[in-house]
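# A look at the structure
Here is what each chain is made of, one letter per residue.
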Amino acid sequence: MRNLLLTLRYQGTNYHGFQVQKNAVTVAQVLQDALEKVLGCREDIKGCSRTDSGVHANMFCVSVKTHSAIPCQSLVRALNVKLPYDIAVTDCIEVPLDFHARYDCRGKRYVYQINNSPIKDPFSFRQVYDYRYPIDVQLCNRACQGFIGTHDFSSFCAANSSVEDHVRTITACGMVRQGDRVTFYVEGDGFLYNMVRIMVGTVLEVAAGQRSPDSIPQILQAKDRAAAGATAPAWGLYLDKVFYDETRLAPTVEG
């Protein structure tokens, strides 16, 4: 038995998130289909996260146990032949048998891409959020500082979430601009349902002058979804990086 850690990139436009669903096409289903064609059996897979419908990933990790002896890099090439254009496997390493892509994850970084131009970008349709109103990045960065630290993020969690523990630690958060492209970024040990999208929507309300840049602590203290801003559209969001303890990653050198 081998335990493999696959690293993926995907465009989420055509998928109802990562997790398998009964009546919708998901990234996990398509990946399992490809694995079945290559390995000859349908293996169970463990994803590092549950991205929502339409959300993209610059890096997404999946662990899969298999009896197959196919070398890692050969498996990467074979899977990319079988996968559609909008999903790619970028790497594969062998990890300890008890490694789990989700439970061994130590943190994640998300980015949210905004086209801040009065003219929409047709070549980035469903890949960035077209937001035509001015964004003062310096002002928004002031607001973003309020997210950093360990807080109860109940105000930034979708009302229909079943998660009971809303405490999360954010280690970095801010906005950067390159021309008309504005990127919101956030790193933390974990994220609640719709948390990043609500954070983005709230910061954009700061940019619009609807909220003070110093209002984030009060919103957090409210522990009420109604206290925060709107939920930004899914298609601007990317899971950008997944962090693991390097000591848990033990790739096998193949000859």
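Structure report, in brief. Computed from a prediction, not measured in an experiment: that's the story for all the values here.

### Re the nonpolar core
- Judged by nonpolar contacts, the single largest core of 77 residues is most densely connected at L6, I135, F156, M175 and F184.
- Considering every element that reaches this core, the biggest residue donor is helix α4 (residues 195–207), with 9 residues.
- Setting aside chain neighbours within four positions, we find F184 in contact with Y110, V111, Y112, C144, C173, G174, M175, V196, M199, V200 and V203.

### Description of the side chain of R2
- Residue placement: R2 occurs in strand β1 (residues 2–10).
- Judged by its relative accessible area of 13%, R2 is buried.
- Here the side chain of R2 touches I70 through a polar contact of 3.0 Å, landing on its backbone oxygen.
- Among the polar contacts made by the side chain of R2, one reaches the side chain of E94 at a distance of 3.4 Å.

### Points about the packing of helix α1 (residues 27–39) against helix α2 (residues 72–82)
- Contact geometry of α1 with α2 gives a least axis separation of 9 Å together with a crossing angle of 120°. Judged by the angle between their axes, α1 and α2 are oblique. Taken as a pair, α1 and α2 cross one another with a handedness that is right-handed. Listed contacts from α2 to A34, L35, K37, V38 and L39 of α1 are L75, A78, L79 and K82.
- Partitioning the contact of α1 with α2 into residue classes produces 7 nonpolar, no polar and 2 charged.

Calculation criteria
- Residues numbered from 1 in each chain as written.
- Predicted model: local features only at pLDDT ≥ 70, side-chain atom pairs only at ≥ 80, totals over all residues.
- Heavy atoms only, no water.
- Core = buried A, V, L, I, M, F, W, Y, C linked by side-chain atoms within 4.5 Å.
- Buried < 20%, exposed > 50% of the residue type's maximum accessible area, 1.4 Å probe, protein only.
- Helix = DSSP H or I, 4+ residues; strand = E, 2+ residues; numbered from the N terminus.
- Contact = heavy atoms within 4.5 Å.
- Polar contact = N/O pair within 3.5 Å; in protein donor to acceptor, adjacent residues only side chain to side chain.
- Axes fitted to C-alpha atoms, helices over the stretch in contact; angles between N-to-C directions.
- Parallel < 35°, antiparallel > 145°, perpendicular 65-115°, else oblique.
- Left-handed = near helix turned anticlockwise from the far one by under 90°.
- Nonpolar A, V, L, I, M, F, W, Y, C, P; charged D, E, K, R; others polar.

All we've got here are geometric facts, nothing functional implied.
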